[in-house]
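Residues per chain are reported as follows:
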Amino acid sequence: MRRRGIRRAAPVLAAAALLASSVLTSCGGGGGGRLTLRFYNFPDNSGAIQRAADHCSTKQYRVEYDKLPNDADGQRQQLVRRLAAGDSSLDILGLDVTWEAEFAEAGWIRPWTGAHRAAATKGTLKAPIETATWKGKLYAVPYNSNTQLLWYRSDLVPTPPKTWDEMITMAEKLAKQHKPHLIEIQGAQYEGVTVWFNSLVASAGGSILNSDASKPSLGKAGLKALQIMKRLATSPAADPSLSVQQEDQNRLAMEGGSAAFELNYPFVYPSMKGDKPKLFKNFKYTQYPAVTAGAPSRVTIGGIDLAISKYSQHPELAFAAALCLRNRDNQIVAAVKGGLPPTLESLYSSKELAKDYPFHEAILTALKNASVRPKTPAYQNVSIVISHNVSPPNSINPSGALNTIEGQLKDALASKGLIP
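Only a predicted model underlies this, so the values are computations on that prediction, with no experimental measurement involved. Each chain has its residues counted from 1, following the order in which its sequence is written. Totals for whole chains, interfaces and linings use every residue, but because this is a predicted model, local features are given only for residues with pLDDT of at least 70 and side-chain atom pairs only at 80 or more, for both listing and counting. Only hydrogens and water are set aside; all other atoms, that is, all heavy atoms of the structure, feed into the side-chain values.

Visitor: Help me out: how do you make sense of the overall build of the protein in this one?
Guide: For the protein, the helix and strand inventory stands at 19 helices and 11 strands. Throughout, radius of gyration means the C-alpha value; the globule benchmark is 2.2 Å times the number of residues raised to the power 0.38. Over its C-alpha trace the protein gives a radius of gyration of 22 Å, about what one expects of a compact globule, namely 22 Å for 420 residues. Considered along the principal axes of its C-alpha atoms, the protein spans approximately 75 × 50 × 40 Å. Across the 420 residues that make up the protein, the buried fraction comes to 53%. Using the Shrake-Rupley algorithm and a 1.4 Å probe, accessible areas are obtained, with residue cover drawn only from the displayed protein chains. Of the roughly 18,100 Å² that the protein leaves accessible, carbon and sulfur atoms contribute 51%. Across the protein, the 48 positively charged side chains and the 35 negatively charged ones have centroids separated by 6 Å. A run of DSSP states H or I qualifies as a helix once it reaches four residues; a run of E qualifies as a strand once it reaches two. Both are numbered from the N-terminal end. Partly exposed describes any residue whose relative accessible area lies between the buried limit of under 20% and the exposed limit of over 50%, with all areas from a 1.4 Å probe on protein chains only and scaled to the type maximum. Lys and Arg are tallied as positive, Asp and Glu as negative. Neither His nor the chain termini are counted. By convention, the charge on Lys lies at NZ, on Arg at CZ, on Asp at CG and on Glu at CD.

In structure tokens form, the structure reads like this:
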């Protein structure tokens, strides 16, 4: 079925272009002036997003990049308020990969169908497509992805660990030798610690919710995840600031020379290269540690998907612009300048990416084995329940926390009780 859609893409796209032209003319855009398509996305300091917006502006329309707040909660809050009010100035929306179910269920974003869907899915990695899908319908085009690797110092760790147990044991041995030994990871009470928990659960062969997101399904995998978090948090390997650490604090600690390991996103690579060239010589990368020896790790995927607002007055143009914003050239620039992994699989074998993105093969492997966070309109409540119960990590009582999380997840999914 998908192949038939791809073969028909050219004529359907031509029809879409004619429709877009008629929409433009009816809006008075063909008389010399340009329409403005407003593109809301996270604030980007690399310049990659602004460059994409400039390059995707045409004689017919200008893509205006509007920066959302710095934190994900603030970004979501602004979009939700404006969409709930039916704001017609929103055209292209940069959604965190956990928002699609909520926004689709509320009727705020348009499904991608026909030629639009074919163009959005062609050559795109499976896991990013999964994040953009709700109830069998595609509601966004994957703009970029994100996943964590294990970054380590080869002068301290000649052979990197393959499992969590191995890594913690190595760190404990380094501590006894009075060498840099800390394991940097996100332990603060926010989305980052939920991602850590989800990655461990998925790597242990489980999931937080069942397949239709109607009830918890943590079981033994959930217990194993909690045990690993507890072991790290109460060992010498834990950073003393673990309970308040987020991604950037992890980066700074690694650059400060006190850590041997760091579980983090690719943005740490150009940062270490520029900030600490001496440490950079021994700054290496490998796959996120597995829970069980011989089994792959299943790291929680991140990233941004581009959706089209239901209230956009120029939806056909917005679909075309969104596809341009995530095209091949723009994804390469976003990867090289901002460290954001592409969603187009073919880019991982391109020379342009390989030169400045040497860990591209490791990222591709991680993305092919990736896990996604629970897909439910109630995700915000699910995440709050988890982060509240696993942070601070050193206070986790694995069996007790498991029971509490499962009970609170049932309430969150049923919109019952108070969220912590």
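Visitor: Any chance you could explain the packing of aromatic side chains here in plain terms?
Guide: In this description, a pair of aromatic rings is defined by centroid distance and the angle of the planes. Centres within 6.5 Å make a pair out of two Phe, Tyr or Trp rings, where for Trp the six-membered ring is used; the pair is then stacked when the planes are under 30 degrees apart, edge-to-face when over 60, and tilted otherwise. Summed over all chains, the structure comprises 15 aromatic pairs. Measuring from centroid to centroid gives 5.8 Å for Trp-164 and Tyr-288, while their planes differ by 70 degrees, and the two rings are edge-to-face. With Trp-164 in helix H8 (residues 164-176) and Tyr-288 in the loop between strand E10 (283-286) and strand E11 (302-308), this residue pair connects regions lying 124 residues apart in the sequence. The same class applies to Trp-164 as to Tyr-288, namely buried. Measuring from centroid to centroid gives 4.4 Å for Tyr-357 and Phe-359, while their planes differ by 50 degrees, and the two rings are tilted.

Visitor: What am I meant to see in H8 here?
Guide: Owing to its 3.6 residues per turn, the α-helix aligns residues three or four sequence positions apart on the same side. One less than the residue count of a helix, multiplied by 1.5 Å, gives the span that helix is expected to have. In this model H8 runs 19 Å from its N-terminal to its C-terminal C-alpha over 13 residues, within 8% of the 18 Å that 1.5 Å per residue would give. Within H8 the residues assigned to the buried category are Trp-164, Met-167, Ile-168, Ala-171, Leu-174 and Ala-175. Buried residues in H8, looked at end-on, bunch into an arc of 120 degrees, giving them a common side. Exposed and facing more than 90 degrees away from the buried side of H8 are Lys-173 and Lys-176. Any two residues whose heavy atoms approach within 4.5 Å are treated as being in contact. The inward-facing, buried residues of H8 abut strand E7 (149-153), strand E8 (182-184), helix H9 (191-203), helix H10 (219-233) and strand E9 (259-264). In the stretch just after H8, His-178 is the one whose phi turns positive, near 60 degrees. In this description, one arc is meant: the one made by directions from the helix axis to the C-beta atoms.

Visitor: Help me out: how do you make sense of the nonpolar core in this one?
Guide: General note: in soluble globular proteins, nonpolar side chains tend to be found buried as a group. For this analysis, a nonpolar core means a set of buried residues of the types Ala, Val, Leu, Ile, Met, Phe, Trp, Tyr and Cys, connected via side-chain atoms within 4.5 Å. If you look at the biggest cluster of nonpolar residues, it comprises 48 residues, and the most contacted ones within it are Leu-79, Ile-92, Phe-103, Trp-112, Leu-306 and Leu-325. The leading source of residues in this core is helix H14 (residues 315-325), at seven residues. Excluding residues within four positions of it along the chain, Phe-103 makes contact with Leu-79, Val-80, Leu-83, Leu-95, Trp-108 and Ile-109.

Visitor: How should I be thinking about the sheet that holds E7 in this particular structure?
Guide: A strand pair is defined by DSSP finding two or more bridges across the two strands. The strand order across the open sheet formed by four strands is E8-E9-E7-E10, and the pairing between neighbours is mixed. Pairing within the sheet leaves two strands with one partner each, and these edge strands are E8 and E10. Taken pair by pair, the neighbouring strands of this sheet meet at an average axis angle of 20 degrees, ignoring direction. Pairing of E8 with E9 involves three bridges; the strand directions are parallel. Paired with Glu-184 across the bridge in E9 is Glu-262. Axes, fitted as lines to C-alpha atoms, cover a helix only where it is in contact. Angles between the N-to-C directions of the axes lie from 0 to 180 degrees. Lying over the sheet, H8 contacts E7, E8 and E9, oriented at roughly 150 degrees with respect to E9.

Visitor: I keep staring at the packing of helix H18 (residues 379-390) against helix H19 (residues 398-413) and nothing clicks. Help me out?
Guide: Packed helices, taken two at a time, are described by the angle between their axes plus the distance between the axes. Two elements in contact, H18 and H19, have axes separated by 9 Å at closest approach and are oriented at 160 degrees. By the angle between their directions, the pair H18 and H19 is classed as roughly antiparallel. In this structure, H18 crosses over H19, and the sense of that crossing is right-handed. Contact residues: Asn-381, Val-382, Val-385, Ile-386, Asn-389 and Val-390 in H18; Ala-401, Thr-404, Ile-405, Gln-408, Leu-409, Ala-412 and Leu-413 in H19. In this classification, the charged set is Asp, Glu, Lys and Arg, the nonpolar set is Ala, Val, Leu, Ile, Met, Phe, Trp, Tyr, Cys and Pro, and all remaining amino acids, among them Gly, are polar. Of the residues belonging to the contact of H18 with H19, the class tally is nine nonpolar, four polar and no charged. By the definition adopted for this analysis, an angle is roughly parallel if under 35 degrees, roughly antiparallel if over 145, roughly perpendicular if from 65 to 115, and oblique otherwise. Take the far helix as the reference: if the near one is turned anticlockwise from it by less than a right angle, the crossing is left-handed, and if turned clockwise, right-handed.

Visitor: What is the right way to read the side chain of Asn-264 from this model?
Guide: Residue position: Asn-264 is located in strand E9. The exposure class assigned to Asn-264 is buried, which follows from its relative accessible area of 0%. Distance and chemistry together define a polar contact, namely a pair of N or O atoms within 3.5 Å, with one atom able to donate a hydrogen and the other to accept it when in protein, and with adjacent residues in sequence counting only for side-chain atoms on both sides. For Asn-264, the side chain forms a polar contact with the main-chain oxygen of Glu-247, separated by 3.0 Å.

Visitor: Sorry if this is basic, but what is going on with the sheet that holds E11 here?
Guide: Each strand in a sheet pairs with its neighbour through backbone hydrogen bonds, running either in the same direction (parallel) or in the opposite one (antiparallel). Sheet architecture is open: five strands sit in the order E2-E1-E3-E11-E6, paired in mixed fashion. Each end of this open sheet is capped by a strand with a single partner; those strands are strand E2 (61-67) and strand E6 (141-146). On average, each strand axis in the sheet is tilted by 20 degrees relative to the strand beside it, whichever way the strands run. Note: E6 against E11, five bridges, orientation antiparallel. Paired with Val-141 across the bridge in E11 is Leu-306. Set on the sheet, H14 makes contact with strand E1 (35-41), E2, strand E3 (92-96), E6 and E11; between it and E11 the angle comes to about 155 degrees.

Visitor: Would you mind showing me how to read unusual backbone geometry here?
Guide: Negative phi values dominate among residues other than glycine, just as trans dominates among peptide bonds. Following Ser-391, the chain continues into Pro-392 via a peptide bond in cis, with omega recorded as 5 degrees. In this model, His-178 sits at a positive phi of 60 degrees, which is unusual for a non-glycine residue.

Visitor: Help me understand H18, please; the structure alone is not making it clear to me.
Guide: Taking 1.5 Å as the rise per residue, H18 with 12 residues should run 16 Å; its terminal C-alpha atoms sit 17 Å apart, in good agreement. Here H18 has its buried residues at Tyr-379, Gln-380, Val-382, Ser-383, Val-385, Ile-386, Ser-387, Asn-389 and Val-390. Close packing links the buried residues of H18 with helix H4 (72-84), helix H5 (100-105), H9, H10 and H19.

Visitor: What is the right way to look at the layout of surface pockets in this model?
Guide: A probe as big as a water molecule, rolled over the atoms, marks out the empty space that is left. Considering only enclosed or pocket space, the largest pocket measures out at about 1,600 Å³ in volume. Both cavities and pockets are sets of points on a 1 Å grid over the protein atoms alone; in a cavity a 1.4 Å probe fits but cannot get out, in a pocket the set is open with protein on both sides within 12 Å along at least five of seven lines, and lining residues sit with an atom within 4 Å of a point. Along the wall of the largest pocket there are 42 residues; nearest its centre are Asn-70, Ala-72, Gln-75, Asn-146 and Glu-247. Secondary structure elements with two or more residues in the lining of the largest pocket: H4, E6, H9, helix H11 (247-256), E11, helix H15 (328-338) and H18. Here the element with the most residues in the lining of the largest pocket is H18; it accounts for five residues. Grid points are joined across faces, edges and corners, and a volume is the space filled by probe spheres set on the points.

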